[in-house]
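# Fold and geometry: a report
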Amino acid sequence: MTKLAGELRVDFVSGAVAHRLRFGGGRGQALPKAMGLRAGKTPTIIDATAGLGRDAFLLASLGAQVVLIERSEQMQALLVDGMQRAFDEGGEFRDIIGRMTLVKGDAKHLLPELAGEAILIDPMHPERKNSALVKRELRQVREIVGADHDAADLVRVALKHAQNRVVLKWPAKADPIEGIQKCSHQILGKSTRYDVFMVG
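Just so we're clear, the structure is a prediction, and the values are computed from it rather than from any experiment.

## So, the overall build of the protein
- Across its full length, the protein carries 9 helices and 7 strands.
- Taking all 200 residues of the protein together, the buried fraction comes to 48%.
- Counted over contacts in the protein with a minimum sequence separation of 6, partners at least 24 positions apart contribute 69%.
- Only carbon and sulfur atoms are counted for the fraction: they give 50% of the accessible area of the protein, which is about 10,300 Å².

## Regarding the confidence of the model for the protein
- Looking at the protein, pLDDT values average 89 and 89% of them are 70 or higher.
- Below a pLDDT of 50 lies the segment residues 1-6, which in the model reaches 11 contacts outside its immediate sequence neighbourhood of four places, other chains included.

## A look at the packing of aromatic side chains
- Scanning the entire structure with this criterion turns up 2 aromatic pairs.
- Consider the rings of F12 and F57, whose centres lie 4.8 Å apart with planes at 10 degrees: the pair is stacked. Placement of F12 in the loop between helix 1 (3-7) and helix 2 (15-23) and of F57 in helix 4 (residues 54-61) is noted, with a sequence separation of 45 residues between them.
- Taking 6.4 Å as the distance between ring centres and 20 degrees as the angle between the ring planes, the aromatic pair formed by F57 and F93 counts as stacked. Here F57 is found in helix 4, whereas its partner F93 is found in helix 6 (residues 91-98), with 36 residues between them in sequence. Judged on exposure class, the residue F57 and its partner F93 are both buried.
- Aromatic ring contacts, followed pair by pair, group F12, F57 and F93 into a single cluster.
- A cation over an aromatic ring shows up here: R94 above the ring of F87, its NZ or CZ 4.1 Å from the ring centre.

## Quick notes on the pattern of salt bridges
- Under the criterion given, the structure shown has 12 salt bridges.
- A salt bridge links R71 to D150; the nearest nitrogen and oxygen atoms lie 2.8 Å apart. Of this pair, R71 sits in the loop between strand 2 (66-70) and helix 5 (73-89) while D150 sits in the loop between helix 8 (136-145) and helix 9 (151-161); the two residues are 79 residues apart in sequence, bridging distant segments of the chain.
- We classify D150 as buried; its relative accessible area is 17%.
- Residue D150 is joined to K108 by a salt bridge in which the shortest nitrogen-to-oxygen separation is 2.6 Å. Note that D150 is positioned in the loop between helix 8 and helix 9 and K108 in helix 7 (residues 107-110), a separation of 42 residues in sequence.
- Each of R71, D106, K108 and D150 takes part in one network of salt bridges that share partners.

## Remarks on the pairing of strand 6 (residues 185-188)
- Pairing of strand 6 with strand 7 (residues 192-198) involves 4 bridges; the strand directions are antiparallel. Bridging from a neighbouring strand, L188 pairs with R193 of strand 7.
- Taking the residues between adjacent antiparallel strands as the criterion, strand 6 and strand 7 are bridged by 3 residues.

Scoring rules and cut-offs
Residues numbered from 1 in each chain as written. Predicted model: local features only at pLDDT ≥ 70, side-chain atom pairs only at ≥ 80, totals over all residues. Heavy atoms only, no water. Helix = DSSP H or I, 4+ residues; strand = E, 2+ residues; numbered from the N terminus. Buried < 20%, exposed > 50% of the residue type's maximum accessible area, 1.4 Å probe, protein only. Contact = heavy atoms within 4.5 Å. Areas by Shrake-Rupley, 256 points an atom, 1.4 Å probe, with all protein chains shown as cover. pLDDT = per-residue confidence, 0-100. Phe/Tyr/Trp six-rings, centres within 6.5 Å; stacked < 30°, edge-to-face > 60°. Lys NZ or Arg CZ within 6 Å of the ring centre and 35° of its normal. Salt bridge = Lys/Arg side-chain N within 4 Å of Asp/Glu carboxyl O. Pairing = 2+ DSSP bridges.

So, in structure tokens, the structure goes:
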């Protein structure tokens, strides 16, 4: 593992993730809303681009069963480490990790074999013109996983295999990804938008 990957850490127990768990606003947040979580409805979810696992952890904390797919070996190792530490913490953390299943591989090849009501896709976003604004952590992730040049292909595969919806997480002001159909609706956050494609 490179020094870079060694510095980067998946941490579900403290910091921003733990704060979001305590004070995030539950199912009323933009992501759960986009994924179709509402009173009495908790879809099975596939996070096709797991990354640091934060979105999957949030969704699992709200009761969803989440399959996380990650194709980078380095990111996979970081996730295994972070999930184990959260599991060892016990209590609520152990319950949440119990609803998360990590799978290694390319989501384009795995999605046809997995059953998910809702599929989340969060590709590496285009670099901002002012790269100083990009958080160090995200720069580190980009160093490990590179650019997701096949994001449009992944969305197309997901649209074929999702049972209910596909959600693309994308910067609020970025142009849509070329080569994919228009979304059904959008849920807008401050800096992020969720393009929702209803397929069910």
